[in-house]
Amino acid sequence: QVQLVESGGGLVQTGGSLRLSCVVSGRTFSTVAMGWFRQAPGKDREFVASIGGNGVITYYADSVRGRFTISRDNAKDTVYLQMNNFTPEDTAIYYCARGRTFYTRKNPTEYDYWGQGTQVTVSS
């Protein structure tokens with residue numbers, strides 16, 4: 001059974017930083033990509049970032065490129081999202097997702113398992 005558990009969300013001020021973590025159970029972590037998505041109130045879920053199985057290739061949404069950094073530690077079966085320079089528009093529930101293949105990009109259908117989400121709220 002594959003499980004994804006996110007942590008690290010919270011309330012932060014504009015311009016602040018947070019780091020999200022997602023621990024993934026299962027034996028195939030290093031062979032698949034991982035991604036982060038987010039869903040703001042009243043909006044569709046949107047792609048944030050993805051990282052290939054070996055941590056070399058990353059891909060970002062335009063809205064977060066240069067502010068957010070995705071990384072992974074395959075020894076710990078964990079993917080991270082370092083988020084800097086927040087704006088109120090970053091307020092959302094953030095979800096990690098396991099890719100179906102070694103590389104993935106922004107299409108949610110490229111991912112087969114999802115975490116329960118962690119709330120990030122940015123105050124102005």
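Relevant structure appears above.
Okay, the overall build of the protein next. In terms of regular secondary structure, the protein is built from zero helices and 11 strands. Going from N to C terminus, the protein has its helices and strands arranged as β-β-β-β-β-β-β-β-β-β-β. Relative to the 2.2 N^0.38 estimate, which gives 14 Å for 124 residues, the radius of gyration of the protein is 13 Å and therefore close to what a compact globule would have. Over its C-alpha atoms, taken along the principal directions, the protein stretches across nearly 40 × 25 × 25 Å. When the 124 residues of the protein are sorted by exposure, 44% land in the buried category. Contacts in the protein between residues far apart in sequence, at least 24 positions, make up 59% of those at least 6 positions apart. If you sum the accessible surface of the protein, you get close to 6400 Å²; carbon and sulfur atoms cover 48% of it.

Once that is clear, we can look at a nonpolar patch on the surface. Together, V56, I57 and Y103 line one region of the surface with nonpolar side chains, adding up to about 300 Å² of accessible area. Looking at where I57 falls in the secondary structure, it is placed in the loop between β5 (46-51) and β6 (58-60). The exposure class of I57 is partly exposed, given its relative accessible area of 44%.

All right, on to the state of the cysteines then. Across all of its chains, the model carries one disulfide by this definition. One disulfide bridge connects C22 with C96, the sulfur atoms lying 1.9 Å from each other. Handedness of the C22-C96 disulfide follows from its S-S torsion of about 45°: it is right-handed. Residue C22 is located in strand β3 (residues 18-24), and its partner C96 is located in strand β9 (residues 92-99); the two are separated by 74 residues in the primary sequence. You can call C22 buried: its relative accessible area is 0%. With a relative accessible area of 0%, C96 lands in the buried category.

Moving on, we come to the packing of aromatic side chains. What the rule picks out here adds up to seven aromatic pairs. Pairing F68 with F86 gives two aromatic rings, centres 6.0 Å apart and planes at 75°, and the pair type is edge-to-face. Of this pair, F68 sits in strand β7 (residues 68-73) while F86 sits in the loop between β8 (78-83) and β9, and the two are 18 residues apart along the sequence. As far as the burial class goes, F68 and F86 line up, both buried. Members of the aromatic cluster, connected to one another through ring pairs, are F37, F47, Y59, Y111 and W114. Sitting above the plane of the Y95 ring, R45 keeps its charged end 3.9 Å from the centroid. When the ring centre of W114 is taken as reference, the NZ or CZ atom of R45 above it lies at 4.8 Å.

Next up on the list: the environment of S17. In this fold, S17 is placed in the loop between β2 (10-13) and β3. On the basis of relative accessible area, S17 is assigned to the partly exposed category, the value being 39%. Discounting residues that sit within four places of it in the chain, S17 has contacts with V12, Q82, M83, N84, N85 and F86. Here the side chain of S17 touches N84 through a polar contact of 2.9 Å, side chain to side chain.

Rules used in this analysis
Residues numbered from 1 in each chain as written. Predicted model: local features only at pLDDT ≥ 70, side-chain atom pairs only at ≥ 80, totals over all residues. Heavy atoms only, no water. Helix = DSSP H or I, 4+ residues; strand = E, 2+ residues; numbered from the N terminus. Rg over C-alpha atoms; globule rule 2.2 N^0.38 Å. Buried < 20%, exposed > 50% of the residue type's maximum accessible area, 1.4 Å probe, protein only. Contact = heavy atoms within 4.5 Å. Areas by Shrake-Rupley, 256 points an atom, 1.4 Å probe, with all protein chains shown as cover. Patch = residues over 30% accessible without salt bridge, like charges linked within 9 Å, V, L, I, M, F, W, Y side chains within 5 Å. Salt bridge = Lys/Arg side-chain N within 4 Å of Asp/Glu carboxyl O. Disulfide = S-S within 2.5 Å. Phe/Tyr/Trp six-rings, centres within 6.5 Å; stacked < 30°, edge-to-face > 60°. Lys NZ or Arg CZ within 6 Å of the ring centre and 35° of its normal. Polar contact = N/O pair within 3.5 Å; in protein donor to acceptor, adjacent residues only side chain to side chain.

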